[in-house]
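Breakdown of the fold
Residues per chain, in single letters:
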Amino acid sequence: MKDQKPKLKPKEKMKIQRTEMPERTAEERVLGFGEVPLGFSEDLAEIEALRCLDCKDPKCMVGCPVGIDIPAFLKKVEDGDFAGAIAKIRETNFLPAICGRVCPQDQQCELTCIVGKKNKPLSIGNLERFVADYEREHGLRVTPEIEAPTGFSVAVVGSGPAGLTAAYELRKRGHEVTVYEAFHRAGGVLVYGIPRFRLPLDIIDEDVKALEEMGVNFEFNTIIGKSMTLDEMLSKEFGFDAIFIGTGAGLPKMLNIKGENLNGIYSANEYLTRIYLMGADRFPDNVTPLNQGKKVGVIGAGNTAMDVARTAKRLGAEVTVYYRRSKEEAPARTEELRHAMEEFINFKFLSNPVEFVGDEDYFVKKIVCDEMKLGEPDDSGRRRPTPTGKQFVDEVDTVIFSLGCNVNPLIPDSTPEIVTNKWGVVLVNEETLETSKKGVFAGGDIITGGAKVITAMGQAKIAARSIHHYLTEKTAKHTYFAKEVESV
Amino acid sequence: MPKLFEILTREELAPKTIMFNIFAPTVARAIQGGQFIILRVSANGERIPISISGWNRNEGSIRIIIMAAGRTSAEAIMLKVGDCFQDIVGPLGKRSHVEELDGTAVLIGGGYGTGAIIPTARDLKALGNKVIGIVGARNKDLLLLQDEMNEVCDEVIPTTNDGSMGIEGFVTHGLAKVIEREKVSYVLAVGPVPMMKAVSEMTRPNGIQTWVSLNAIMVDGTGMCGACRCTVGGKTQFACFHGPDFNGHEVNFEELQARQKMFQVQEKIALEQLNEVLV
Ligand SMILES: Cc1cc2nc3c(=O)[nH]c(=O)nc-3n(C[C@H](O)[C@H](O)[C@H](O)COP(=O)(O)OP(=O)(O)OC[C@H]3O[C@@H](n4cnc5c(N)ncnc54)[C@H](O)[C@@H]3O)c2cc1C
Ligand SMILES: Cc1cc2nc3c(=O)[nH]c(=O)nc-3n(C[C@H](O)[C@H](O)[C@H](O)COP(=O)(O)OP(=O)(O)OC[C@H]3O[C@@H](n4cnc5c(N)ncnc54)[C@H](O)[C@@H]3O)c2cc1C
Ligand code: FES
C-alpha cells in the first residue's frame, strides 16, 4: 500500500471525504460499558492522513493548547510510520491516548484546520487516538530520558491530568517528584468523572505506570491542606523546594430549590464517583451501593450531563434530560448530544426544575418544572430563559444534578496566603502560573474553574517550565503580582 | 517499622465494639479532636467515615472505635493485629470548637461517640475549663472507656437504660441534672441522631452553645460529592467539609435521619452477602 500511494495535488486531496470513525450501534452500546468508537484500521488511518494539505502556515497547531506538531505527525501516519507518528506527538503531549479520546477537537485543532474551510476538517483526534493505541498494542512505548539529577524535589498535589503532566515534565528535567493524591488511585476526573465507554481505565493506568517507571513517587490517601500544609511541605520536615497545585474542582453546584436533599438525588460527582471510582455498578461484589431507580432525571445539558445520562441508561433506566434553555444553547459538544440522543435518552428543553416532591420515606418521586421561553440575550450572549407561567410534573425516582462544580477549596482554606477570586479560583501570574505564595504554582481546573483536560495539561507544562526556572536560576524572583484580574 | 495502616493493637470494648490502634503516620501527625478519617477494609470495599478517639504522634498511630453496624464495619472488626486496612485517609472535617468558657462544658457521648469526645474533652480541660462527661448506653457492660473518661473529665455521669449503672434513663436525664445544678455554657454531643436531637432540644430554651457531630452518609469526605448534604439553619451544608460539628439548634435532624436510610435496601443485601461467605 505504502509504495503505491499516489502523489495527490491539494485540489484532489480536498475532494477526499473525511473518514468517519466506525462506532458501535446505539442498541449495542447501551448494553454495556464498552467504548463507543471502534478505532481506525491502519488503512483507514493512512487514507485519512492523506487529506492533510501540509499547509505552509498550518492553523491546526494554533488550536492545540500543548502545541503538537500536527502536520508532522499526520505525514508519518500517511507514510505508514505509526511509531514515528507517536514519537512526534510524544515530544509535546504526554497523554495522547487520553487526549485522542476526550479532547473537544471540533473546538480546537479541527476547528482551525484549513481543509475544514471547504471540506470537513482532518480527523486529527481520531488519528491521535489511533497512533497512541498502535503504540500501546505493539508495546512500543519507551521510557523517556531523564536529565541528570538536579538535587531539587518538587511536590505535585493532585493526580488529574494537570498533576500527571506536571509530574512528567518535572521528572524529565531531573527533579525528584512526589505526587500527593487524596483518593486511593491516580487520575482525578479521568477516573471518577469521564465514563469508561469514553475512556477505558487501563489507558489511564498505563500512563500512571509510565510515570512510576520514570521514578515519580505517588502518595495516595493524602489530603494536602489537611494531612499537611503547604508551609510544612516547604519546611525542613518534608523538604520540598517547590509545589505544583492541580487539585481541580470541588463542591458541586446545586439549585437551592425545594426538595433537593431528598433521597435519590445525587450530584453528578457523587453518582459518577460511586460508579467509576468505587465500582457500584458491580454491587454487591463491590461494596459501595448505588440506589438507582427506573426513571432518572438529569438536570443540565453540558458534557457531564451527557455522561451521566448515558451512564444511567447503561444501568437500565429510562432517562430524561431537563434543561432550561433550548438545544441550541446546550453547552455539551454536538457529538456528545448526538450520542446521547442516539442512545434513546429523552430531552426536555426549556424545562426549569423548581421543586422536587418526595414520599413519606423522603425518597424523590416527582419533579416540578417551569416551562420556559427564550428572551433577550444575557451576559453569556445566550438568550435568557424566562418562565411562561405554565408548569409540568414528571415522575422520577432518581435525579442527578449536572450543573458543574465550584473550585476545590481545600488548599486556599488551609493556606490564606494563596489568593483567590470571589469564586475561589486560585489567582496566578498568567505567564509563570505562580501563585501568591512564593514557590507554589498551579494549573488545571483550580485556576480556571471547570475546563478541559488539554488546557489543564497545557498549564501544567507552563508551570513545570516556570518551576524549573525558579529552581535552577539563582536570580529567580517571586513572579506573582497581586492584582484583581481573572486568570487565564 | 509497621506497615502502612497496620493494626498495632486490638481490644474488644463491648460486644461488636472494637478499639484499634493503627499505624497511619500522615493522619497521626495532624489529627485533632472532632476530626475523622475514612477507611476501606478491602480493595473492593466502600469508604466509611470513622471518628478519631486518640493518637500518638511519635509512634504515628491513631486510635479508632468501630461498632459493627453493617457490612463494612462488620468486616472491619474481624481484622486482627498485624492485618492492614486497605486505605485510611485523613484528617477530615474541621476540629471541634474549643474556647475558654465562663461556665461548664458538658460532653456527651453515645455509642462510639464516647471515644470521639475524649480528645476534645482533653482540649477543653487544657484551656482551664470545667469539663463534665455524660456517657450513655443500654447497660453497664456497654459503657465504653470509663477510666479514660474519668481521667480527662472533672466528673463523669454514666446513664444506662436499665439503671445497671449511674442514672437510669438517657443522657438527657444526666444533662438535665447538670443544667439544673450549674451554669453550662457549652455542650458537645456525639452519637445516634435521636440522642443529638434530644440534647439540642434540651439546651435550646437556655440558649446554651450546642454542637452536634453529624454522621451523614459520605463518599469522598472532602466536599467533592455532596453525599453528606445536611440542612443547617435552612441552608445546605456538607457534613464532611463544613462540619462534622454544627450548631445543634439549627440542624434539620429529621432530614439527616431520613437520609441515613437512603441505601437501606442495598445495605441489607451487602450484609447478607458477607454472612453467606462466613457460613
Ligand atoms: C463528567 C466529566 C466529563 C468530562 N469530560 C471531558 C472531556 O470529554 N474532555 C475534556 O477535555 N474535559 C472533560 N472534563 C473536564 C476535565 O476532566 C477537567 O477539566 C480536568 O480533569 C481537570 O484536570 P485537573 O488535573 O485540573 O483536575 P482533576 O482532574 O479534578 O484532578 C484533581 C485531583 O486532585 C485531587 N485532589 C483534590 N484536592 C486534593 C488535595 N487537597 N490533596 C491531594 N489531592 C487532591 C483529586 O482527588 C483529583 O484526583 C470532564 C469533566 C467531568 C466532571
Ligand atoms: C463523621 C462520622 C464519624 C463516624 N464515626 C464512627 C466511629 O467512630 N465509629 C463507628 O463505629 N462508626 C462511626 N460512624 C458511622 C459509620 O460510618 C457507619 O456505621 C458505617 O459507615 C456503617 O457502614 P456499614 O457498611 O458497616 O453498615 P451499613 O449497613 O452500610 O450502614 C449502617 C448505617 O450506617 C450509615 N452508613 C452507611 N454507609 C455510610 C457511609 N458511607 N458513610 C456514613 N454513614 C454510612 C447509614 O446511615 C446506615 O444506616 C461515623 C459516621 C460519620 C459520618
Ligand atoms: S462526603 Fe462527599 S462531599 Fe461530603
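Residues numbered from 1 in each chain as written. Chains lettered and ligands numbered in written order. Predicted model: local features only at pLDDT ≥ 70, side-chain atom pairs only at ≥ 80, totals over all residues. Heavy atoms only, no water.

Some details on the environment of Phe23(B)
Residues and elements named next belong to chain B. Note the following rule: Counting from the N terminus, the helices are the DSSP runs of H or I reaching at least four residues and the strands are the DSSP runs of E reaching at least two. Residue burial is assigned from relative accessible area. The probe radius is 1.4 Å, only protein chains are included, and a residue is buried under 20% of its type maximum, exposed over 50%, and partly exposed in between. By definition in these notes, contact holds between two residues if any of their heavy atoms fall within 4.5 Å.
Here Phe 23 lies in strand 2 (residues 17-23). The exposure class of Phe 23 is buried, given its relative accessible area of 7%. For the pair formed by Phe 23 and His 242, sequence separation is 219 residues and the distance between their alpha carbons is 27 Å. Phe 23 has contacts with Met 1, Pro 2, Lys 3, Leu 4, Phe 5, Glu 6, Leu 8, Glu 59, Gly 60 and Ser 61, leaving out every residue within four places of it along the chain.

Brief notes about the sheet that holds strand 5 (residues 54-56) of chain B
Residues and elements named next belong to chain B. In plain terms, the rule: In this analysis, strands are considered paired if DSSP registers two or more bridges between them. Fitted lines through C-alpha atoms serve as axes, helices being fitted only where they are in contact, and the angles separating the N-to-C directions of these axes extend from 0 to 180 degrees.
With respect to topology, four strands assemble into an open sheet ordered 1-2-6-5, the strand pairing being antiparallel. Two strands close off the open sheet at either side, each with one partner strand: strand 1 (7-14) and strand 5. Adjacent strand axes in the sheet meet at a mean angle of 20° when their direction is disregarded. Both strand 2 and strand 6 (residues 61-67) contribute to a ladder of seven bridges, which runs antiparallel. Looking at the pairing, Met 19 lines up with Ile 65 of strand 6.

Here's the deal with the site of ligand 1
Residues and elements named next belong to chain A. Put simply, the rule is: A single heavy atom is enough: if one lies within 4 Å of a molecule or strand, its residue is considered near that molecule or strand. Definition of a polar contact: a pair of N or O atoms within 3.5 Å, with one able to donate and the other able to accept a hydrogen when the atoms are protein atoms, and with sequence-neighbouring residues admitted only if both atoms are side-chain atoms. Only the protein chains shown count as covering a residue, and every accessible area follows the Shrake-Rupley method with a 1.4 Å probe. Note that Gly is not counted as nonpolar here; it falls among the polar residues with everything else outside the nonpolar set of Ala, Val, Leu, Ile, Met, Phe, Trp, Tyr, Cys and Pro and the charged set of Asp, Glu, Lys and Arg.
Near ligand 1, the surroundings consist of 35 residues, among which Val 102, Glu 181, Arg 198, Ile 224 and Asp 445 are the closest. One of the side-chain N or O atoms of Asn 408 is found 3.3 Å from a nitrogen atom in ligand 1. Relative to its free-state accessible area of 990 Å², ligand 1 is covered by the protein chains to the extent of 93%. When contributions to the shell around ligand 1 are tallied by element, the ones reaching two or more residues are helix 9 (161-172), helix 10 (189-192), helix 14 (303-314) and helix 18 (453-472). When the residues that make up the shell around ligand 1 are grouped by side-chain class, the tally is 18 nonpolar, 12 polar and five charged.

What to know about the site of ligand 2
Residues and elements named next belong to chain B. Keep this limit in mind: Any residue with an atom within 4 Å of a point lines the site, the site being either a cavity, points on a 1 Å grid over the protein atoms alone where a 1.4 Å probe fits but cannot get out, or a pocket, an open set with protein on both sides within 12 Å along at least 5 of 7 lines. Think of it this way: if more than half of a molecule's atoms are within 2 Å of a pocket's grid points, that molecule is in the pocket or cavity. Residue ranges labeled as domains rest on an automatic or database domain assignment.
Close contacts around ligand 2 come from 23 residues, with Pro 49, Ser 51, Ile 65, Met 67 and Ser 73 the closest. Here an oxygen atom of ligand 2 and a backbone polar atom of Met 67 are 2.8 Å apart. Side-chain polar atom of Ser 73 to an oxygen atom of ligand 2: 2.4 Å apart, as the coordinates give it. If ligand 2 stood free it would expose 860 Å²; the protein chains cover 89% of that surface. Of the pockets mapped on this structure, ligand 2 occupies the second largest pocket. Elements with a minimum of two residues in the shell around ligand 2: strand 4 (48-51), strand 6 and helix 2 (71-77). With four residues, strand 4 is the single largest residue contributor to the shell around ligand 2. Across the shell around ligand 2, the residue classes break down as 13 nonpolar, six polar and four charged. Summarising the domain contributions, the shell around ligand 2 has at least three residues from each of domain 1 (7-92) and domain 3 (215-270).

Some details on the packing of aromatic side chains
Note the following rule: Each Phe, Tyr or Trp ring, with Trp reduced to its six-membered ring, pairs with another whose centre is within 6.5 Å; inter-plane angles below 30 degrees give stacked pairs, above 60 give edge-to-face pairs, and intermediate values give tilted ones.
For the coordinates displayed, the defined rule picks out 15 aromatic pairs over all chains. On the numbers, 5.8 Å between centres and 70° between planes, the contact of Phe356(A) with Phe401(A) is edge-to-face. On the criterion of sequence distance, the pair formed by Phe356(A) in strand 10 (residues 351-358) and Phe401(A) in strand 13 (residues 398-401) is long-range, its members being 45 residues apart. Overall, the relative accessible area of 2% leaves Phe401(A) in the buried class. Considering the side-chain rings of Phe20(B) and Phe85(B), the 5.7 Å spacing of their centres and the 85° angle between planes classify their relative orientation as edge-to-face. Highlighted residues: Phe20(B) in strand 2 and Phe85(B) in the loop between helix 2 and strand 7 (87-92), separated in sequence by 65 residues. The residues Phe20(B) and Phe85(B) share a single accessibility class, namely buried. Site record: aromatic cluster; members linked through ring pairs are Phe33(A), Phe197(A) and Tyr276(A).

Thoughts on the side chain of Arg333(A)
Residues and elements named next belong to chain A. Turning to its location among the elements, Arg 333 is positioned in the loop between strand 8 (318-322) and helix 15 (334-342). Residue class for Arg 333 comes out buried when judged on its relative accessible area of 8%. With sequence-adjacent residues up to four places away left out, Arg 333 is seen in contact with Val 102, Cys 103, Pro 104, Gln 105, Asp 106, Gln 107 and Asn 303.

A word on the domain arrangement of chain B
Many authors give the size of an interface as the accessible area that is lost as the parts come together. All names here are of chain B. In plain terms, the rule: Summed over both partners, the accessible area (1.4 Å probe) lost when two parts come together is defined as the buried area. Throughout this description, the term salt bridge denotes a Lys or Arg side-chain nitrogen within 4 Å of a carboxyl oxygen of Asp or Glu.
You can read the domains of chain B as domain 1 (7-92), domain 2 (95-213) and domain 3 (215-270). Centre-to-centre, using C-alpha coordinates, domain 1 lies 23 Å away from domain 2. Residue-level contacts link 17 residues of domain 1 with 15 residues of domain 2. Counting each side, the surface lost to burial between domain 1 and domain 2 is near 1,200 Å², with a carbon and sulfur contribution of 64%. On the surface where domain 1 and domain 2 come into contact, there are one salt bridge. Among the salt bridges present, the one from Glu 148 reaches Arg 63, with a minimum N-O distance of 2.8 Å. In this structure, the connection of domain 1 to domain 2 is made through two residue pairs in polar contact (both at pLDDT 80 or more). Where the side of domain 1 that touches domain 2 is concerned, the elements lending two or more residues are strand 1, strand 2, strand 5 and strand 6. Here the side of domain 1 that touches domain 2 gets three residues from one element, more than from any other, and that element is strand 6.

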